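If you want the building blocks of each chain, they are given just below.
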Amino acid sequence: SAHASLIKIETGFSAARQQADAAAYKSLVNTAIASPSAGYGTTFVTSYDNISNRNLFLSGSKTDIAFKSTIDFYVSPENAGSWQFRIGVDFGHGGAIFVDDVAYDFKTNNMWWRGNYNNSSQYLSINSLNLTAGYHTLNIYGLEDCCDGHQQAQFSFGDGNFKTFSTSDNLTPLSASENLASVPEPALFSMFLI
């Protein structure tokens, strides 16, 4: 793969308020983005940083926004194990996060992270999730009624620092040619045996 994470942002109109659970956020947002009106849309981004509807879509709406983000990423065998996620949002009526279609966090309060992760009630997170090697999908669903502040999505694994999801985050499998290059030539392999 030439790229690392693939990041898709979808938005639509919704004046809905707090939902009962993570599944309700997912269902409502999926319905809202199915037919976006003017000021909303679908796009791919190179970095999940400073994300807002108004910046993604020229003259995009600042109010009544249903957000869905899909991040497809790869976990290499050496990075398999415990992962953490933190999602800084501006969701006035709450939101939820899923990994591989399983809900791990949702909040119904007015969340506005303000560019820092000091208050856990103001962002979505997964403190520890065991991920096996292979492809995984992170989904973020949320409802914003007012001001469309900036969002960010980050990950860490092992004892590493948090990094922002991007197309250069190095979460990518080896290409076929790199895999072949890592296999010793038969003559070299024979020499190792001797």
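About the thresholds
Residues numbered from 1 in each chain as written. Predicted model: local features only at pLDDT ≥ 70, side-chain atom pairs only at ≥ 80, totals over all residues. Heavy atoms only, no water. Pairing = 2+ DSSP bridges. Helix = DSSP H or I, 4+ residues; strand = E, 2+ residues; numbered from the N terminus. Polar contact = N/O pair within 3.5 Å; in protein donor to acceptor, adjacent residues only side chain to side chain. Contact = heavy atoms within 4.5 Å. Disulfide = S-S within 2.5 Å. Buried < 20%, exposed > 50% of the residue type's maximum accessible area, 1.4 Å probe, protein only. Core = buried A, V, L, I, M, F, W, Y, C linked by side-chain atoms within 4.5 Å. Phe/Tyr/Trp six-rings, centres within 6.5 Å; stacked < 30°, edge-to-face > 60°. Lys NZ or Arg CZ within 6 Å of the ring centre and 35° of its normal.

Caption draft 1: Focus on the pairing of strand β5 (residues 81–88). Here β5 runs beside strand β10 (residues 123–131); their pairing, made up of seven bridges, is antiparallel. Its bridge partner being in β10, Phe85 is matched across the sheet by Ile126. For β5 and strand β12 (residues 151–157), the ladder comprises six bridges, and the chain directions are antiparallel. The residue of β12 that forms the bridge with Trp83 is Phe157.

Caption draft 2: Geometry of the side chain of Asp148. Summarising the element assignment, Asp148 is placed in the loop between β11 (134–144) and β12. At 3.0 Å, the side chain of Asp148 and the backbone nitrogen of Asn53 are in polar contact. Residues within four places of Asp148 in sequence aside, it is in contact with Ser52, Asn53, Arg54, Ser61, Lys62, Ile65, Phe67 and Asp90.

Caption draft 3: Local environment of the state of the cysteines. Across all of its chains, the model carries one disulfide by this definition. Two residues share a disulfide in this structure: Cys146 and Cys147, whose sulfurs sit 2.0 Å from each other. On the basis of relative accessible area, Cys146 is assigned to the partly exposed category, the value being 37%.

Caption draft 4: Seen up close, the nonpolar core. Membership of the largest hydrophobic core comes to 29 residues, with the highest contact counts inside it found for Tyr48, Ile71, Phe73, Phe85, Leu138, Ile140 and Phe165. Taken together, the elements giving at least two residues each to this core come down to β1 (6–13), β4 (65–75), β5, β7 (95–99), β10, β11 and β12. When neighbours within four sequence positions are excluded, Ile140 is seen to be in contact with Tyr48, Phe67, Lys68, Ser69, Ile71, Ile87, Phe91, Ala96, Ile97, Leu124 and Ala153. Residues Ala16, Ala22, Ala32 and Phe98 belong to the second largest nonpolar core, which totals eleven residues.

Caption draft 5: Structural view of the packing of aromatic side chains. Per the counting criterion, the structure on display carries 16 aromatic pairs. A centroid spacing of 4.8 Å and a plane angle of 45° characterise the contact between Phe155 and Phe165, whose relative ring orientation is tilted. Taken together, the residues span a long stretch of sequence, with Phe155 in strand β12 and Phe165 in the loop between β13 (163–164) and α3 (176–181) at a distance of ten residues. Under the relative-accessibility criterion, Phe165 is labelled buried at 0%. The ring centre of Phe98 lies 5.3 Å from the NZ or CZ of Lys26, which sits over that ring. Across the ring face of Phe162, the terminal group of Arg86 is positioned such that the distance to the ring centre comes to 4.0 Å.

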